[in-house]
Amino acid sequence: MDEERVVEELKARLGAAILEVKVPQRRRVFITVDREHYRAALEVLREAGFDHLVAITGIDTGDHFEVIAHVGRTLVVSVRAVVPRSDARIPSLIDLYKGAEFYERETWEMLGIVFEGNPRLTRTFLPENWPENVYPLRKDYEGG
Amino acid sequence: MGVYIPVGPQHPIHPEAILLKLKVEGEQVVDADVDSSFVHRGIEKALEHKTWLQGLYLVERVCGICNVAHSTCYTLNVENLLGVEAPTRAQYLRLVVEELARIHSHMLWLGLLAHLIGFQSLFMLVFRDREKVLDLMEELTGNRITTAYNVVGGVRRDIDPALEHRVRSTLEELRGRVKRYRKLIEEDPSVRARTVNVGILERSEAEELHAVGPVARASGIKYDVRADDPYLVHDEVPFNVVTLETCDAWGRAMVRVEEVLESIDMIMYSLDHIPSGPIRKRVPPVFKVPPGEGIARVEAPRGELFHYAKSDGSERPYRYRMRTPTLANLAALVYMLRRGDRAVYVADVPVIFGSIDPCICCTARVFVLDERGSRVLNLEDLGRSRGR
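It should be emphasised that the depicted structure is a prediction, and the values quoted were computed from it without experimental measurement.

Participant: Please set out the layout of surface pockets residue by residue, giving values where relevant.
Facilitator: The computed volume of the largest pocket comes to approximately 680 Å³. Forming the walls of the largest pocket are 25 residues, and the residues nearest its centre are Gln25 of chain A together with Leu76, Glu85, Pro230 and Tyr231 of chain B. Counting residues per element, the ones that place at least two in the lining of the largest pocket are helix H3 (67–82), helix H4 (88–116) and strand E6 (292–300) of chain B. Here the lining of the largest pocket gets four residues from one element, more than from any other, and that element is H3 of chain B.

Put into C-alpha coordinates, the structure is as follows:
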(Lines give C-alpha, C1' and ligand atoms only; values in the text may rest on other atoms or scores of the structure.)
Protein backbone atom coordinates (compact mmCIF):
# COMPACT_ATOMS: atom_id res chain seq x y z
CA MET A 1 0.00 0.00 0.00
CA ASP A 2 1.46 3.36 -0.95
CA GLU A 3 1.07 6.73 0.76
CA GLU A 4 -1.76 7.94 -1.45
CA ARG A 5 -3.86 4.83 -1.04
CA VAL A 6 -3.51 4.89 2.72
CA VAL A 7 -4.62 8.52 2.84
CA GLU A 8 -7.54 7.77 0.50
CA GLU A 9 -8.62 4.80 2.58
CA LEU A 10 -8.47 6.79 5.79
CA LYS A 11 -10.38 9.70 4.26
CA ALA A 12 -13.04 7.37 2.88
CA ARG A 13 -13.57 5.74 6.26
CA LEU A 14 -13.16 8.70 8.58
CA GLY A 15 -14.13 11.66 6.43
CA ALA A 16 -14.15 14.98 8.22
CA ALA A 17 -12.68 13.48 11.38
CA ILE A 18 -9.25 13.83 9.79
CA LEU A 19 -8.05 17.29 10.68
CA GLU A 20 -4.75 17.25 8.82
CA VAL A 21 -2.74 15.02 6.49
CA LYS A 22 0.98 15.43 5.85
CA VAL A 23 3.26 13.31 3.70
CA PRO A 24 6.62 14.92 4.48
CA GLN A 25 8.65 12.32 2.59
CA ARG A 26 8.39 8.90 1.04
CA ARG A 27 7.02 6.14 3.27
CA ARG A 28 5.92 8.64 5.94
CA VAL A 29 2.36 9.75 6.57
CA PHE A 30 1.22 11.93 9.46
CA ILE A 31 -2.50 12.34 10.10
CA THR A 32 -4.16 14.32 12.86
CA VAL A 33 -7.54 13.36 14.30
CA ASP A 34 -9.47 14.41 17.35
CA ARG A 35 -9.41 12.26 20.41
CA GLU A 36 -12.74 10.60 19.64
CA HIS A 37 -11.47 9.24 16.33
CA TYR A 38 -8.03 8.11 17.47
CA ARG A 39 -9.05 4.50 17.95
CA ALA A 40 -11.21 4.50 14.84
CA ALA A 41 -8.26 5.62 12.73
CA LEU A 42 -6.07 2.86 14.14
CA GLU A 43 -8.80 0.28 13.63
CA VAL A 44 -8.90 1.24 9.95
CA LEU A 45 -5.13 0.92 9.73
CA ARG A 46 -5.09 -2.39 11.55
CA GLU A 47 -7.66 -3.77 9.11
CA ALA A 48 -5.58 -2.45 6.22
CA GLY A 49 -2.65 -4.59 7.37
CA PHE A 50 -0.67 -2.21 9.55
CA ASP A 51 -0.06 -4.82 12.23
CA HIS A 52 3.23 -3.51 13.63
CA LEU A 53 3.08 -0.80 16.27
CA VAL A 54 6.44 0.94 16.15
CA ALA A 55 6.01 3.29 19.10
CA ILE A 56 3.76 5.75 20.85
CA THR A 57 5.05 9.28 21.34
CA GLY A 58 3.63 11.85 23.73
CA ILE A 59 4.27 15.56 23.30
CA ASP A 60 3.47 18.57 25.45
CA THR A 61 2.89 21.47 23.08
CA GLY A 62 2.26 23.96 25.86
CA ASP A 63 -1.50 24.35 25.55
CA HIS A 64 -2.40 20.74 24.84
CA PHE A 65 -0.91 17.27 24.63
CA GLU A 66 -0.45 15.16 21.57
CA VAL A 67 -0.33 11.39 21.43
CA ILE A 68 1.13 9.88 18.28
CA ALA A 69 0.85 6.20 17.44
CA HIS A 70 3.31 5.14 14.75
CA VAL A 71 2.29 1.97 12.89
CA GLY A 72 3.61 0.07 9.91
CA ARG A 73 6.65 -1.78 8.67
CA THR A 74 7.54 -0.36 5.27
CA LEU A 75 5.26 2.64 5.29
CA VAL A 76 4.90 4.27 8.69
CA VAL A 77 1.61 6.03 9.40
CA SER A 78 1.70 8.30 12.44
CA VAL A 79 -1.73 8.98 13.89
CA ARG A 80 -1.76 12.05 16.05
CA ALA A 81 -4.54 12.76 18.53
CA VAL A 82 -4.96 16.06 20.29
CA VAL A 83 -5.59 15.72 24.02
CA PRO A 84 -6.63 18.72 26.11
CA ARG A 85 -4.44 19.54 29.10
CA SER A 86 -7.40 19.85 31.44
CA ASP A 87 -8.67 16.36 30.65
CA ALA A 88 -5.62 14.29 29.76
CA ARG A 89 -7.20 11.00 28.75
CA ILE A 90 -7.23 8.89 25.64
CA PRO A 91 -8.43 5.36 24.89
CA SER A 92 -5.84 2.61 25.09
CA LEU A 93 -4.81 0.59 22.04
CA ILE A 94 -3.96 -2.47 24.04
CA ASP A 95 -6.69 -4.68 22.55
CA LEU A 96 -5.71 -3.67 19.00
CA TYR A 97 -1.95 -3.77 19.51
CA LYS A 98 -0.81 -5.92 22.41
CA GLY A 99 2.63 -4.32 22.44
CA ALA A 100 1.06 -0.92 23.16
CA GLU A 101 1.14 -1.69 26.86
CA PHE A 102 4.68 -0.51 27.51
CA TYR A 103 4.60 2.51 25.25
CA GLU A 104 1.41 3.74 26.89
CA ARG A 105 2.77 3.20 30.35
CA GLU A 106 5.87 5.16 29.45
CA THR A 107 3.82 8.05 28.05
CA TRP A 108 1.59 8.03 31.11
CA GLU A 109 4.52 8.18 33.43
CA MET A 110 6.41 10.87 31.56
CA LEU A 111 3.50 13.12 30.62
CA GLY A 112 0.59 12.10 32.82
CA ILE A 113 -1.72 11.14 29.97
CA VAL A 114 -4.14 8.44 31.11
CA PHE A 115 -4.72 5.60 28.66
CA GLU A 116 -8.19 4.37 29.45
CA GLY A 117 -8.34 0.60 29.21
CA ASN A 118 -4.67 -0.08 29.92
CA PRO A 119 -4.85 -2.21 33.05
CA ARG A 120 -1.31 -1.58 34.23
CA LEU A 121 -0.70 2.12 34.43
CA THR A 122 1.71 1.85 37.34
CA ARG A 123 5.02 3.45 38.21
CA THR A 124 7.55 1.87 35.94
CA PHE A 125 10.88 3.52 35.51
CA LEU A 126 11.01 6.71 37.46
CA PRO A 127 12.65 6.31 40.85
CA GLU A 128 10.45 5.11 43.66
CA ASN A 129 10.82 8.35 45.61
CA TRP A 130 9.61 10.38 42.63
CA PRO A 131 6.73 12.65 43.78
CA GLU A 132 3.19 11.89 42.66
CA ASN A 133 1.68 13.94 39.83
CA VAL A 134 5.02 15.27 38.65
CA TYR A 135 5.61 14.46 35.01
CA PRO A 136 9.14 15.08 33.78
CA LEU A 137 8.48 15.43 30.07
CA ARG A 138 5.89 18.16 30.56
CA LYS A 139 7.23 21.50 29.51
CA ASP A 140 6.48 23.10 32.87
CA TYR A 141 8.78 20.62 34.60
CA GLU A 142 12.25 22.10 34.75
CA GLY A 143 13.83 19.52 37.03
CA GLY A 144 17.11 19.61 38.81
CA MET B 1 2.43 -22.19 46.39
CA GLY B 2 5.27 -20.76 44.35
CA VAL B 3 8.51 -19.23 45.48
CA TYR B 4 9.79 -15.90 44.21
CA ILE B 5 13.41 -15.75 43.11
CA PRO B 6 14.88 -12.34 42.39
CA VAL B 7 17.58 -12.43 39.71
CA GLY B 8 19.42 -9.12 39.82
CA PRO B 9 19.64 -6.15 39.79
CA GLN B 10 23.26 -7.29 40.09
CA HIS B 11 23.70 -10.82 38.90
CA PRO B 12 26.44 -12.75 37.08
CA ILE B 13 24.15 -13.62 34.16
CA HIS B 14 24.00 -10.03 33.04
CA PRO B 15 26.37 -7.16 33.75
CA GLU B 16 23.69 -4.50 33.50
CA ALA B 17 21.31 -3.58 36.28
CA ILE B 18 18.03 -5.38 35.78
CA LEU B 19 15.77 -7.32 38.09
CA LEU B 20 14.09 -10.47 36.87
CA LYS B 21 11.58 -11.59 39.40
CA LEU B 22 10.67 -15.19 38.83
CA LYS B 23 7.90 -17.12 40.46
CA VAL B 24 8.87 -20.76 40.45
CA GLU B 25 7.20 -23.98 41.37
CA GLY B 26 9.88 -26.60 41.75
CA GLU B 27 12.17 -26.17 38.77
CA GLN B 28 9.56 -24.48 36.61
CA VAL B 29 8.99 -20.79 36.08
CA VAL B 30 5.30 -19.97 36.34
CA ASP B 31 5.45 -16.21 36.28
CA ALA B 32 7.99 -13.51 35.55
CA ASP B 33 8.42 -9.78 35.98
CA VAL B 34 11.13 -7.51 34.68
CA ASP B 35 12.22 -4.28 36.33
CA SER B 36 14.71 -2.28 34.32
CA SER B 37 14.24 1.05 36.07
CA PHE B 38 17.65 1.16 37.71
CA VAL B 39 19.53 3.07 35.05
CA HIS B 40 17.05 5.63 33.80
CA ARG B 41 18.95 8.78 32.90
CA GLY B 42 16.32 11.14 31.51
CA ILE B 43 18.05 11.51 28.16
CA GLU B 44 14.89 12.52 26.27
CA LYS B 45 14.40 15.45 28.64
CA ALA B 46 18.08 16.36 28.54
CA LEU B 47 17.95 16.53 24.75
CA GLU B 48 15.40 19.35 24.95
CA HIS B 49 18.04 21.41 26.73
CA LYS B 50 20.90 20.72 24.30
CA THR B 51 21.55 22.14 20.87
CA TRP B 52 20.95 19.84 17.92
CA LEU B 53 24.70 19.25 17.62
CA GLN B 54 25.22 18.52 21.31
CA GLY B 55 22.27 16.15 21.08
CA LEU B 56 24.17 14.00 18.60
CA TYR B 57 26.84 13.22 21.18
CA LEU B 58 24.30 12.63 23.92
CA VAL B 59 22.30 10.26 21.72
CA GLU B 60 25.45 8.26 21.06
CA ARG B 61 25.73 7.67 24.78
CA VAL B 62 22.31 6.08 25.05
CA CYS B 63 24.07 2.79 24.41
CA GLY B 64 27.71 1.94 23.92
CA ILE B 65 27.20 -1.05 21.67
CA CYS B 66 24.51 0.54 19.49
CA ASN B 67 26.10 3.98 19.37
CA VAL B 68 26.44 3.85 15.59
CA ALA B 69 22.77 2.98 15.19
CA HIS B 70 21.68 5.83 17.45
CA SER B 71 23.90 8.42 15.82
CA THR B 72 22.85 7.25 12.34
CA CYS B 73 19.21 7.52 13.27
CA TYR B 74 19.71 10.95 14.82
CA THR B 75 21.68 12.39 11.92
CA LEU B 76 19.15 11.02 9.41
CA ASN B 77 16.38 12.70 11.36
CA VAL B 78 18.15 16.05 11.61
CA GLU B 79 19.34 15.99 8.00
CA ASN B 80 15.81 15.26 6.91
CA LEU B 81 14.45 18.25 8.85
CA LEU B 82 17.24 20.46 7.53
CA GLY B 83 16.78 19.25 3.97
CA VAL B 84 20.42 18.17 3.74
CA GLU B 85 21.46 14.82 2.34
CA ALA B 86 24.80 13.23 3.13
CA PRO B 87 27.00 12.65 0.04
CA THR B 88 26.89 9.15 -1.42
CA ARG B 89 30.42 8.35 -0.29
CA ALA B 90 29.43 9.28 3.26
CA GLN B 91 26.41 7.00 3.05
CA TYR B 92 28.63 4.11 1.99
CA LEU B 93 31.02 4.84 4.87
CA ARG B 94 28.10 5.00 7.30
CA LEU B 95 26.96 1.63 6.04
CA VAL B 96 30.45 0.15 6.47
CA VAL B 97 30.68 1.38 10.05
CA GLU B 98 27.13 0.33 10.81
CA GLU B 99 27.82 -3.20 9.61
CA LEU B 100 31.13 -3.34 11.53
CA ALA B 101 29.13 -2.36 14.60
CA ARG B 102 26.63 -5.10 13.86
CA ILE B 103 29.45 -7.65 13.57
CA HIS B 104 30.99 -6.67 16.88
CA SER B 105 27.60 -6.52 18.60
CA HIS B 106 26.58 -9.96 17.34
CA MET B 107 29.96 -11.41 18.28
CA LEU B 108 29.69 -9.90 21.73
CA TRP B 109 26.31 -11.54 22.00
CA LEU B 110 27.59 -14.89 20.79
CA GLY B 111 30.33 -14.73 23.40
CA LEU B 112 27.78 -13.93 26.09
CA LEU B 113 25.60 -16.81 24.98
CA ALA B 114 28.60 -19.13 25.29
CA HIS B 115 29.24 -17.67 28.74
CA LEU B 116 25.60 -18.16 29.76
CA ILE B 117 25.63 -21.82 28.83
CA GLY B 118 28.99 -22.33 30.50
CA PHE B 119 31.01 -22.76 27.32
CA GLN B 120 33.89 -20.56 28.45
CA SER B 121 36.39 -21.49 25.77
CA LEU B 122 33.96 -20.42 23.04
CA PHE B 123 33.40 -17.17 24.94
CA MET B 124 37.16 -16.50 24.96
CA LEU B 125 37.58 -17.35 21.28
CA VAL B 126 34.70 -15.18 20.12
CA PHE B 127 35.84 -12.24 22.21
CA ARG B 128 39.34 -12.56 20.83
CA ASP B 129 37.96 -12.34 17.29
CA ARG B 130 35.70 -9.45 18.22
CA GLU B 131 38.78 -7.49 19.27
CA LYS B 132 39.90 -7.47 15.65
CA VAL B 133 36.68 -5.77 14.64
CA LEU B 134 37.13 -3.21 17.39
CA ASP B 135 40.67 -2.56 16.18
CA LEU B 136 39.27 -1.88 12.71
CA MET B 137 36.67 0.39 14.24
CA GLU B 138 39.39 2.32 16.02
CA GLU B 139 41.42 2.74 12.87
CA LEU B 140 38.41 3.82 10.89
CA THR B 141 36.73 6.15 13.37
CA GLY B 142 39.34 6.90 16.04
CA ASN B 143 37.50 5.05 18.78
CA ARG B 144 36.75 1.48 19.65
CA ILE B 145 33.24 1.88 21.02
CA THR B 146 31.83 5.41 21.17
CA THR B 147 32.81 6.25 17.65
CA ALA B 148 31.39 9.76 17.09
CA TYR B 149 31.75 8.88 13.41
CA ASN B 150 28.48 10.30 12.08
CA VAL B 151 28.05 14.04 11.91
CA VAL B 152 25.14 16.03 10.57
CA GLY B 153 25.81 16.13 6.85
CA GLY B 154 28.11 13.13 6.55
CA VAL B 155 30.91 11.37 8.38
CA ARG B 156 34.02 12.60 10.11
CA ARG B 157 36.80 10.54 8.54
CA ASP B 158 37.55 9.05 5.18
CA ILE B 159 39.04 5.64 4.49
CA ASP B 160 42.41 5.36 2.70
CA PRO B 161 43.57 2.46 0.50
CA ALA B 162 45.95 1.06 3.14
CA LEU B 163 43.18 0.91 5.74
CA GLU B 164 40.77 -0.48 3.18
CA HIS B 165 43.24 -3.30 2.57
CA ARG B 166 43.46 -4.03 6.30
CA VAL B 167 39.66 -4.06 6.60
CA ARG B 168 39.43 -6.56 3.77
CA SER B 169 42.13 -8.89 5.05
CA THR B 170 40.80 -8.83 8.63
CA LEU B 171 37.24 -9.51 7.53
CA GLU B 172 38.39 -12.30 5.23
CA GLU B 173 40.10 -13.94 8.17
CA LEU B 174 37.05 -13.33 10.33
CA ARG B 175 34.77 -14.94 7.79
CA GLY B 176 36.58 -18.25 8.21
CA ARG B 177 36.36 -18.00 11.98
CA VAL B 178 32.66 -17.16 11.97
CA LYS B 179 31.95 -20.09 9.65
CA ARG B 180 33.62 -22.30 12.23
CA TYR B 181 31.40 -20.88 14.94
CA ARG B 182 28.37 -21.45 12.76
CA LYS B 183 29.31 -25.10 12.33
CA LEU B 184 29.85 -25.36 16.05
CA ILE B 185 26.43 -23.95 16.88
CA GLU B 186 24.86 -26.22 14.29
CA GLU B 187 26.52 -29.39 15.51
CA ASP B 188 27.84 -29.10 19.04
CA PRO B 189 25.61 -31.27 21.23
CA SER B 190 26.03 -29.14 24.35
CA VAL B 191 25.12 -25.92 22.55
CA ARG B 192 22.13 -27.61 20.99
CA ALA B 193 21.02 -29.15 24.26
CA ARG B 194 20.91 -25.75 25.90
CA THR B 195 19.29 -23.76 23.10
CA VAL B 196 17.11 -25.95 20.85
CA ASN B 197 13.43 -25.61 21.83
CA VAL B 198 14.35 -23.16 24.58
CA GLY B 199 12.57 -19.81 24.69
CA ILE B 200 9.86 -20.64 22.17
CA LEU B 201 8.22 -17.65 20.47
CA GLU B 202 5.87 -18.68 17.67
CA ARG B 203 5.52 -16.53 14.60
CA SER B 204 2.01 -15.37 15.45
CA GLU B 205 3.13 -14.49 18.98
CA ALA B 206 6.12 -12.54 17.73
CA GLU B 207 3.86 -10.61 15.37
CA GLU B 208 1.32 -9.89 18.05
CA LEU B 209 3.95 -8.64 20.49
CA HIS B 210 5.68 -6.53 17.81
CA ALA B 211 9.04 -8.27 18.23
CA VAL B 212 11.86 -6.81 16.17
CA GLY B 213 15.32 -7.74 14.92
CA PRO B 214 16.83 -11.22 15.20
CA VAL B 215 14.09 -12.23 17.67
CA ALA B 216 11.42 -11.62 15.02
CA ARG B 217 13.54 -13.06 12.21
CA ALA B 218 14.20 -16.30 14.11
CA SER B 219 10.41 -16.63 14.36
CA GLY B 220 10.09 -16.45 10.60
CA ILE B 221 9.11 -12.78 10.26
CA LYS B 222 10.98 -11.28 7.33
CA TYR B 223 11.30 -7.82 8.79
CA ASP B 224 14.46 -5.78 8.53
CA VAL B 225 14.39 -1.98 8.31
CA ARG B 226 17.35 -2.08 5.93
CA ALA B 227 15.24 -3.96 3.41
CA ASP B 228 11.76 -2.65 4.20
CA ASP B 229 12.60 1.02 4.68
CA PRO B 230 16.13 1.58 3.26
CA TYR B 231 17.80 4.59 4.83
CA LEU B 232 21.40 4.49 3.54
CA VAL B 233 22.51 2.95 0.25
CA HIS B 234 20.79 -0.32 1.07
CA ASP B 235 19.12 -0.45 -2.31
CA GLU B 236 22.55 -0.40 -3.97
CA VAL B 237 24.26 -2.93 -1.71
CA PRO B 238 22.79 -6.43 -2.03
CA PHE B 239 22.13 -8.46 1.10
CA ASN B 240 19.82 -11.20 2.33
CA VAL B 241 17.41 -10.87 5.21
CA VAL B 242 18.18 -13.99 7.21
CA THR B 243 15.14 -15.71 8.66
CA LEU B 244 14.60 -19.04 10.37
CA GLU B 245 11.46 -20.75 11.52
CA THR B 246 12.79 -22.55 14.56
CA CYS B 247 11.32 -19.91 16.91
CA ASP B 248 13.84 -20.72 19.68
CA ALA B 249 17.10 -19.50 21.21
CA TRP B 250 19.09 -21.67 18.82
CA GLY B 251 17.43 -19.94 15.87
CA ARG B 252 18.26 -16.53 17.31
CA ALA B 253 21.91 -17.58 17.58
CA MET B 254 21.95 -18.87 13.99
CA VAL B 255 20.26 -15.75 12.63
CA ARG B 256 22.88 -13.56 14.28
CA VAL B 257 25.81 -15.67 13.06
CA GLU B 258 24.41 -15.66 9.52
CA GLU B 259 23.95 -11.93 9.77
CA VAL B 260 27.62 -11.49 10.63
CA LEU B 261 28.48 -13.26 7.37
CA GLU B 262 25.99 -11.07 5.50
CA SER B 263 27.53 -7.97 7.06
CA ILE B 264 31.00 -9.05 5.97
CA ASP B 265 29.72 -9.41 2.40
CA MET B 266 28.02 -6.03 2.59
CA ILE B 267 31.22 -4.33 3.75
CA MET B 268 33.25 -6.02 1.01
CA TYR B 269 30.72 -5.00 -1.63
CA SER B 270 30.61 -1.43 -0.29
CA LEU B 271 34.40 -1.15 -0.40
CA ASP B 272 34.36 -2.40 -4.01
CA HIS B 273 31.68 0.05 -5.09
CA ILE B 274 32.23 3.10 -2.94
CA PRO B 275 32.23 6.22 -5.15
CA SER B 276 34.82 8.93 -4.74
CA GLY B 277 33.75 12.36 -3.62
CA PRO B 278 33.24 14.46 -0.51
CA ILE B 279 32.41 12.79 2.81
CA ARG B 280 30.40 15.56 4.42
CA LYS B 281 28.45 18.70 3.83
CA ARG B 282 29.52 21.34 6.28
CA VAL B 283 26.86 22.42 8.74
CA PRO B 284 27.66 25.16 11.29
CA PRO B 285 28.04 23.99 14.90
CA VAL B 286 25.01 25.92 16.12
CA PHE B 287 22.19 25.82 13.62
CA LYS B 288 18.47 26.31 13.66
CA VAL B 289 16.27 23.55 12.36
CA PRO B 290 13.13 24.62 10.46
CA PRO B 291 9.87 23.88 12.28
CA GLY B 292 8.58 20.41 11.56
CA GLU B 293 8.70 16.84 12.66
CA GLY B 294 10.02 13.61 11.36
CA ILE B 295 10.75 10.02 12.19
CA ALA B 296 13.76 7.91 11.38
CA ARG B 297 14.32 4.21 11.72
CA VAL B 298 17.45 2.12 11.43
CA GLU B 299 18.10 -1.57 11.86
CA ALA B 300 20.28 -1.61 14.96
CA PRO B 301 22.06 -4.88 15.80
CA ARG B 302 19.20 -5.71 18.18
CA GLY B 303 16.42 -4.71 15.81
CA GLU B 304 14.39 -1.76 14.67
CA LEU B 305 15.41 1.49 16.34
CA PHE B 306 12.99 4.41 16.13
CA HIS B 307 13.56 8.13 16.69
CA TYR B 308 11.00 10.91 16.50
CA ALA B 309 12.07 14.56 16.32
CA LYS B 310 10.02 17.71 16.57
CA SER B 311 11.51 21.11 15.95
CA ASP B 312 9.95 24.49 16.74
CA GLY B 313 12.47 26.37 14.63
CA SER B 314 15.03 26.97 17.35
CA GLU B 315 18.51 25.59 17.82
CA ARG B 316 17.24 22.93 20.26
CA PRO B 317 14.85 20.02 19.71
CA TYR B 318 11.34 20.66 21.01
CA ARG B 319 10.80 16.97 21.63
CA TYR B 320 12.96 13.97 20.91
CA ARG B 321 11.66 10.45 21.38
CA MET B 322 13.57 7.20 21.15
CA ARG B 323 12.22 3.68 21.10
CA THR B 324 14.98 1.14 21.40
CA PRO B 325 14.80 -2.45 20.15
CA THR B 326 15.11 -3.99 23.59
CA LEU B 327 12.03 -2.11 24.75
CA ALA B 328 10.16 -3.57 21.80
CA ASN B 329 11.41 -7.07 22.60
CA LEU B 330 10.83 -6.97 26.33
CA ALA B 331 7.18 -7.92 25.87
CA ALA B 332 8.28 -11.01 23.96
CA LEU B 333 10.83 -11.85 26.66
CA VAL B 334 8.27 -11.75 29.46
CA TYR B 335 5.88 -13.77 27.35
CA MET B 336 8.54 -16.44 26.71
CA LEU B 337 9.24 -16.72 30.42
CA ARG B 338 5.69 -16.94 31.65
CA ARG B 339 3.93 -18.74 28.84
CA GLY B 340 1.68 -21.32 30.40
CA ASP B 341 1.57 -23.92 27.65
CA ARG B 342 5.20 -25.08 27.84
CA ALA B 343 7.46 -25.82 30.75
CA VAL B 344 10.12 -23.16 31.27
CA TYR B 345 12.91 -24.28 33.59
CA VAL B 346 14.90 -22.03 35.90
CA ALA B 347 18.11 -23.30 34.33
CA ASP B 348 16.95 -21.99 30.94
CA VAL B 349 16.20 -18.48 32.16
CA PRO B 350 19.69 -17.06 31.41
CA VAL B 351 19.56 -18.42 27.87
CA ILE B 352 16.02 -17.13 27.25
CA PHE B 353 16.89 -13.78 28.75
CA GLY B 354 20.11 -13.60 26.78
CA SER B 355 18.45 -14.67 23.54
CA ILE B 356 16.79 -11.29 23.00
CA ASP B 357 20.23 -9.63 23.37
CA PRO B 358 18.92 -7.31 26.06
CA CYS B 359 20.44 -3.87 26.38
CA ILE B 360 19.23 -2.29 29.56
CA CYS B 361 20.96 1.05 29.33
CA CYS B 362 19.19 1.52 26.00
CA THR B 363 15.88 0.59 27.48
CA ALA B 364 15.81 1.69 31.08
CA ARG B 365 12.17 2.26 30.58
CA VAL B 366 9.98 -0.55 31.65
CA PHE B 367 9.19 -3.13 34.16
CA VAL B 368 6.34 -5.51 33.89
CA LEU B 369 3.97 -6.38 36.64
CA ASP B 370 2.60 -9.86 36.73
CA GLU B 371 -0.99 -10.49 35.70
CA ARG B 372 -2.32 -10.25 39.20
CA GLY B 373 -0.61 -6.94 39.80
CA SER B 374 1.26 -8.04 42.89
CA ARG B 375 4.00 -5.81 44.22
CA VAL B 376 7.46 -5.97 42.72
CA LEU B 377 10.16 -6.01 45.31
CA ASN B 378 13.08 -3.69 45.02
CA LEU B 379 16.51 -4.04 46.54
CA GLU B 380 15.52 -2.16 49.69
CA ASP B 381 12.48 -4.36 50.21
CA LEU B 382 14.67 -7.40 49.80
CA GLY B 383 17.09 -6.08 52.40
CA ARG B 384 14.21 -5.44 54.77
CA SER B 385 12.68 -8.85 54.28
CA ARG B 386 16.04 -10.45 54.99
CA GLY B 387 16.27 -8.58 58.26
CA ARG B 388 12.88 -9.75 59.37
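Structure's up, so let's keep going.
Participant: So what's going on with the interface of chain B and chain A? Residues and values would help.
Facilitator: Across the contact, 44 residues belong to chain B and 48 residues belong to chain A. For the pair chain B and chain A, the summed buried surface comes to about 3,900 Å²; carbon and sulfur atoms form 50% of the total. Remark: the boundary between chain B and chain A carries seven salt bridges. Broken down by secondary-structure element, the contributors of at least two residues to the side of chain B that touches chain A are helix H1 (43–47), helix H8 (203–208), E6, strand E7 (303–311), strand E8 (317–323), helix H12 (325–338) and strand E9 (367–368) of chain B. Examining the composition of the side of chain B that touches chain A, we find that five residues originate from one element, E6 of chain B, more than from any other.

Participant: A description of the environment of Arg297 of chain B should follow, citing residues and the corresponding values.
Facilitator: Relative to the elements of secondary structure, Arg297 of chain B occurs in strand E6. For Arg297 of chain B, a relative accessible area of 1% corresponds to the buried category. C-alpha separation for the pair Arg297 of chain B and Met322 of chain B, spaced 25 residues apart in sequence, amounts to 9.9 Å. Engagement of the side chain of Arg297 of chain B in a polar contact is seen with the backbone oxygen of Arg73 of chain A, the distance being 2.3 Å.

Participant: Tell me about the domain arrangement of chain B, and name the residues and values.
Facilitator: All names here are of chain B. For chain B, the domain assignment lists domain 1 (3–40 + 330–387) and domain 2 (43–323). When each unit is reduced to the centre of its C-alpha atoms, the spacing between domain 1 and domain 2 is 27 Å. Taken residue by residue, the interface counts 22 residues in domain 1 and 28 residues in domain 2. Between domain 1 and domain 2, the buried area comes to about 2,100 Å², and carbon and sulfur atoms account for 60% of it. On the surface where domain 1 and domain 2 come into contact, there are three salt bridges. Put simply, Glu205 and Arg339 hold a salt bridge, and the shortest N to O gap is 3.0 Å. On the surface where domain 1 and domain 2 come into contact, there are eight residue pairs in polar contact (both at pLDDT 80 or more).

Participant: Account for the packing of aromatic side chains, naming residues and giving values.
Facilitator: A full pass over the atoms with the stated rule returns three aromatic pairs over all chains. Measuring from centroid to centroid gives 5.7 Å for Trp130 of chain A and Tyr141 of chain A, while their planes differ by 50°, and the two rings are tilted. Placement of Trp130 of chain A in the segment after strand E7 (114–116) and of Tyr141 of chain A in the segment after E7 is noted, with a sequence separation of 11 residues between them. Seen in terms of ring centroids, Phe123 of chain B and Phe127 of chain B are 4.7 Å apart; in terms of plane orientation they differ by 45°. Their pairing is tilted. Placement of both Phe123 of chain B and Phe127 of chain B in helix H5 (residues 120–141) is noted, with a separation of four residues, approximately one turn of the helix. In this structure Phe123 of chain B comes out as buried when scored by relative accessible area, which is 17%. Over the ring of Tyr4 of chain B we find Lys21 of chain B; its NZ or CZ atom is 4.1 Å from the centre of that ring. Across from the ring centre of Trp250 of chain B, 5.1 Å away, lies the NZ or CZ of Arg192 of chain B, which sits over that ring.

Participant: Any details on the pairing of strand E4 (residues 64–71) of chain A? Residues and values, ideally.
Facilitator: Residues and elements named next belong to chain A. Counting buried residues along E4, seven of its eight residues qualify, which places the element largely inside the surrounding structure. Bridge analysis of strand E3 (residues 53–60) against E4 gives seven bridges, and the strand direction is antiparallel. Note on E4: the bridge partner recorded for Ala55 is His70. Following E3, the chain reverses through three residues before pairing antiparallel with E4; Gly62 in that reversal takes a positive phi of roughly 110°. The pairing of E4 with strand E5 (residues 76–84) spans eight bridges and is classified as antiparallel. When the bridges of E5 are listed, Phe65 appears paired with Val83.

Participant: Describe in detail the pairing of E7 of chain B, supporting the description with residues and values.
Facilitator: All names here are of chain B. With nine of nine residues buried, E7 lies mostly within the body of the structure. Across nine bridges, the pairing between E6 and E7 is antiparallel. By the bridge assignment, Arg297 is partnered in E7 with Phe306. Joining the antiparallel neighbours E6 and E7 is a turn of two residues.

Cut-offs used in this document
Residues numbered from 1 in each chain as written. Chains lettered and ligands numbered in written order. Predicted model: local features only at pLDDT ≥ 70, side-chain atom pairs only at ≥ 80, totals over all residues. Heavy atoms only, no water. 1 Å grid on protein atoms, 1.4 Å probe; cavity = no way out; pocket = protein on both sides within 12 Å on 5 of 7 lines; lining within 4 Å. Points joined across faces, edges and corners; volume = space filled by probe spheres on them. Helix = DSSP H or I, 4+ residues; strand = E, 2+ residues; numbered from the N terminus. Contact = heavy atoms within 4.5 Å. Buried area = accessible area lost by both parts, 1.4 Å probe. Salt bridge = Lys/Arg side-chain N within 4 Å of Asp/Glu carboxyl O. Buried < 20%, exposed > 50% of the residue type's maximum accessible area, 1.4 Å probe, protein only. Polar contact = N/O pair within 3.5 Å; in protein donor to acceptor, adjacent residues only side chain to side chain. Domains from an automatic or database assignment. Phe/Tyr/Trp six-rings, centres within 6.5 Å; stacked < 30°, edge-to-face > 60°. Lys NZ or Arg CZ within 6 Å of the ring centre and 35° of its normal. Pairing = 2+ DSSP bridges.

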